[in-house]
Amino acid sequence: MKVFNVFFAIGLAWLLLATSSCRRDGVSAQLSREIVFAIGQAPLNLDPRYATDAASERVNRLIYQSLVDFDSQSKPTPSLAGWRAISPTAFRFTLNKNRAPFHYPTKLRQAPLTANDVKATYDSIALLQDSPHAAEFDNVKNIIVTDDSTVVFQLKQPDSHFPAKLIIGILPAELIALHHDFSHAPVGSGPLKLLSWRNQLSLQRVSDGQTISLLEVKDPTVRVLKLLHGEVDLLQAELPPELVKYLQTKPEVTVKTNRGANFSYLGLNMQDPTLKNLKVRQAIAYAIDRDAIIQKVMVFNTRAASAILPPEHYTNQHSLPIYAYQPALAKQLLLEAGIKLPLKLVYKTSTDAQRVRFATIMQAQMQAAGIQLEIRSLDWGTFFADVKQGNFQLYGLTWVGIKTPEIYGKALGSQSVPPHGFNRGRYADAQLDQLLAEEDWPSATAHIHQQLPYIPLWYEGQFAAMRQEINNYSPKADGNWDDLATISRYAH
Amino acid sequence: MIKKLAFTILGFWLIAVLAGRLFQLNPNQIDLNAILSLPDNAYLLGADDLGRSILARLLRGVEVSFLVAIVVTIVTMLLGVVIGLIAGFYGGKVDQALMQVTDIFLAFPGILLAIAFAAVLGPGLANLMIALCITGWVSYARLTRGQTLSLRNRQHVQAAESLGASVPRLIIKHILPLLASILVVEATYSLASVMIAEASLSFLGLGIQAPSASWGAMLRDGVRYMLVAPHYVLVVGLSLMSLILAITLGGDYLRDKLDVRTEKNDGQKHSKYSVIKQKVKGKACH
């Protein structure tokens, strides 16, 4: 009997161990199906009324649906709703018939998104004091729901571009009323829904249950190693070009590229006595060899820029020339401006290694033009605070995800000095203000190109690197992650 | 053997720095066609991520390291010795107050405090040295104060005091000479730790700014390209390691040479301590 008991105990222990290992295998089998996307910076806030960082906005595009989206030429197009201007100050939006329901954790509510949700979302933004998007909707006088599928936005002042502003994800009205924490527990009606958000952000595709996890890996080298070892399936952007080329040599990885639309530029302080002079600004523009930088230290499909909005944008009817590298001309312009050479300028940038790299190359290139550039690389908080306060001579930044020509007014309009807008260089130009008021975008673009309140640099190319078995994903011009809605893995 | 190794490495680096100056190597010459190139005839140690000569930058970087280490060591030693002497000599409330300040500085890890100061002061060579000086004097103050407390009560000091010697004279003529050897050893170790601290701060972007060369910044850049140009980070890492090793070994050698407790050949030779004691006795008797 004792022997039997011993054998019974051993058998039971073996059975338990086997069961537990089966469970572990089961878990790993389940986990192996998930697609892991390595990102450099995790999203900060999944409430579309508050989100401003690129990662949050990209995830929010997948979790929520917005009324309006943009086509390849950046023209606003219907997404969740079509619209019609019923007067200069009123737009009627009609929601699509086949609308997805919200991702409620229980099946209590399966009703689709309604016009009430649209009203509640935009009403709540107007009420929020701390929403960075609230100012966008100052012009909204009233939102009227006429039926479940129709909503009318009444404006205080005529604004023909108003529909392009309605790109905020729609939230469920009843959860807004309950002051639900959408920042950490988003409930939308987009193609992906939140599963969990602890060390990594796990999302589930509503259509087929595919799990997609976003794992923050800050170091580019570690990100590449994880991709090569199969710990992650996909990564996009935020790598030095040398690592992208390195990945292209690896048989287990596919690299896809696309042209970019995000505009990189040198910002100038227009209150600086030296930089006020147009000839000095032109000299700086001619003192940068964009082609050499693009060819040697940038990813594929990077294009030199001549305007804030890319050439394919619907407002760009004429292609403007690129400022070519002409150090001799730059020097001559400086002398004509009465500048004693070398011209000493301070250039502020973040501590991001690639940004410092660009700065160092430009510093060397400008030397030939008689410009002595002092580089100050500051941590992001200090750098951005300095830029907003106008505490700079030159700085380098990138406009990400710009779609509408209203950016001209926001970035360069006389009335848009922070905190009212993004005119960080304190540029004041009555002629430009007039062109913007007339919405003469081609003339405004040409005027900016000629006056150079920004020194245009380039539109950085986009790329994504993925394991061979990953399919249906390609990088987009503005760097969004929309293809996570369709991404798949080949079955072995 | 250790002595030879240490001085050979140190000598090598000193000669290399002089050679770099002699041949006028330009550490900031950018060549976009040579980005991350392997060692060849044009670039003996290869080129960095901007096509600059790694050798030229390495030599300019070691100059910066030496400069920072020497300046910071001298300043911190002066500061620490003065504070330690005052605390140890006067004792009482002065000692208590000064040592409490010292303890506050000691409570924080030195490098963390240096990072905090460098972040507040902003990046740059001068600010980097200030940050390191603010945090580096503590060990000298502690050491000096401890030794002064003991030396203060020595007979020769009391005798000189009885004979009417002024405080500065007591300190300069009768206490400081006996501290010198310990301080020299401490300074040697401090050189190595300051070099590491400088490299660490530059690695974090709080040190010398682009395009100036610094080993820490080079290490940081090299790590980014470890997969495509491992020679970059290896060259800088090994250089830093060799220099720190040489200075540390040199410090060990000096300690063995100057340590008053070190006896050689079982009493065949007098220890330095006993020689000093004899000298002191002699002085006191006169």
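Residues numbered from 1 in each chain as written. Chains lettered and ligands numbered in written order. Predicted model: local features only at pLDDT ≥ 70, side-chain atom pairs only at ≥ 80, totals over all residues. Heavy atoms only, no water.

**A few points about the interface of chain A and chain B**
Which entries qualify depends on this criterion: Residue contacts follow a heavy-atom distance rule, with two residues in contact if any of their heavy atoms lie within 4.5 Å. Defined in terms of a 1.4 Å probe, buried area is the accessible area two parts forfeit on being brought together, summed over both. Salt bridges are defined as contacts in which a side-chain nitrogen from Lys or Arg sits within 4 Å of a carboxyl oxygen from Asp or Glu. Within 3.5 Å is the distance limit for a polar contact, defined as a pair of N or O atoms, with the added protein rule that one can donate a hydrogen and the other accept it, and that residues adjacent in sequence qualify only through two side-chain atoms. Here a strand is any run of E in DSSP of at least two residues, a helix any run of H or I of at least four, and the numbering for each starts at the N terminus. Note on residue categories: nonpolar means Ala, Val, Leu, Ile, Met, Phe, Trp, Tyr, Cys or Pro, charged means Asp, Glu, Lys or Arg, and polar means any other residue, Gly included.
Facing the 21 residues of chain A at the interface are 18 residues of chain B. Counting the surface lost from both chain A and chain B, the interface buries some 1,800 Å², and carbon and sulfur atoms represent 68% of this. In terms of surface lost to chain B, no three residues of chain A exceed Thr221, Lys296 and Arg357 of chain A, which account for 25% of the buried area on that side. Of the charged contacts in the structure, one is a salt bridge between Asp49 of chain B and Arg357 of chain A, with a shortest N-O distance of 3.8 Å. In this structure, the connection of chain A to chain B is made through 5 residue pairs in polar contact (both at pLDDT 80 or more). Going through the elements one at a time, helix 5 (220–228), helix 6 (241–248), helix 8 (290–297), helix 10 (353–367) and strand 16 (371–378) of chain A are the ones with two or more residues in the side of chain A that touches chain B. The element that contributes the greatest number of residues to the side of chain A that touches chain B is helix 10 of chain A, accounting for 8 residues. Of the residues belonging to the side of chain A that touches chain B, the class tally is 12 nonpolar, 5 polar and 4 charged.

**Topic: helix 11 (residues 380–389) of chain A**
Going by this rule: Each residue is assigned to one of three classes by its accessible area relative to the maximum for its type, calculated with a 1.4 Å probe on protein chains only: buried under 20%, partly exposed between the two thresholds, exposed over 50%. What the arc covers is the set of directions going from the helix axis to the C-beta atoms.
Residues Phe383, Asp386 and Val387 of chain A constitute the buried set of helix 11 of chain A. Projected down its long axis, helix 11 of chain A shows its buried positions confined to an angular sector of 100 degrees, all on one face.

**Quick look at the sheet that holds strand 5 (residues 90–95) of chain A**
Residue and element names in this part refer to chain A. For the record, the criterion: Two strands qualify as a pair provided DSSP detects at least 2 bridges between them. For helices, the fitted axis covers only the stretch in contact; all axes are lines through C-alpha atoms, and the angles between them, taken along N-to-C directions, range from 0 to 180 degrees.
Spatial strand order, 4-5-7-6: 4 strands in an open sheet with antiparallel pairing. Of all strands in the sheet, those with a lone pairing partner are strand 4 (81–87) and strand 6 (140–147), marking the two edges. Geometrically, the sheet is characterised by an average inter-axis angle of 20 degrees between neighbouring strands, direction not taken into account. Where helix 3 (residues 115–127) meets the sheet, it contacts strand 5, strand 6 and strand 7 (150–155), and its direction lies at approximately 165 degrees from that of strand 6.

**Notes on the packing of aromatic side chains**
Put simply, the rule reads: Stacked, edge-to-face and tilted labels apply to pairs of Phe, Tyr and Trp rings (six-membered ring for Trp) whose centres lie within 6.5 Å, assigned for plane angles under 30 degrees, over 60, and everything in between, in that order. Criterion for a charge above a ring: Arg CZ or Lys NZ at most 6 Å from the ring centre, at most 35 degrees from the ring normal.
Considering all chains together, one arrives at 26 aromatic pairs over all chains under this definition. Ring centres of Phe37 of chain A and Trp481 of chain A lie 5.0 Å apart, and the angle between their planes is 75 degrees; on these two criteria the pair is classed as edge-to-face. You can see Phe37 of chain A sitting in strand 1 (residues 35–39) and its partner Trp481 of chain A sitting in the loop between strand 20 (470–471) and strand 21 (488–489), a full 444 residues away along the chain. Ring geometry for Phe102 of chain A against Tyr104 of chain A: centres 6.4 Å apart, planes inclined by 80 degrees, an arrangement best described as edge-to-face. Under the relative-accessibility criterion, Phe102 of chain A is labelled buried at 2%. Under the relative-accessibility criterion, Tyr104 of chain A is labelled buried at 14%. Each residue in the set Trp83, Phe91, Phe93, Tyr122, Phe137, Phe153 and Phe162 of chain A is aromatic and connected to the rest through ring pairs, giving one cluster. Here the guanidinium or amino end of Arg152 of chain B rests over the ring plane of Phe89 of chain B, the centre of that ring lying 4.2 Å away.

**A closer look at the pairing of strand 1 of chain A**
Residue and element names in this part refer to chain A. Extensive coverage of strand 1 is indicated by the burial of 5 of its 5 residues. Neither face of strand 1 is left uncovered, since the one carrying Ile35, Phe37 and Ile39 and the one carrying Val36 and Ala38 both have all their residues buried. Here strand 1 pairs with strand 10 (residues 211–216) via 5 bridges, running parallel. Looking at the pairing, Ala38 lines up with Leu215 of strand 10. Summarising the sheet, strand 1 and strand 11 (residues 234–236) pair through 2 bridges and their orientation is parallel. Residue pairing in the sheet places Ala38 in a bridge with Leu235 of strand 11.

**Describing unusual backbone geometry**
Residue and element names in this part refer to chain A. The peptide bond linking Leu341 to Pro342 adopts the cis configuration, its omega dihedral lying at -5 degrees. Position of Pro342 among the secondary structure elements: in the loop between helix 9 (327–336) and strand 15 (343–350). Even without being glycine, Ser74 reaches a positive phi, approximately 70 degrees. Following the sequence through the fold, Ser74 ends up in the loop between strand 2 (68–70) and strand 3 (76–78). Taking the relative accessible area as the measure of exposure, Ser74 reaches 10% and is therefore buried. Even without being glycine, Leu452 reaches a positive phi, approximately 55 degrees. Within the secondary structure, Leu452 is located in the loop between helix 14 (441–451) and strand 18 (454–459).

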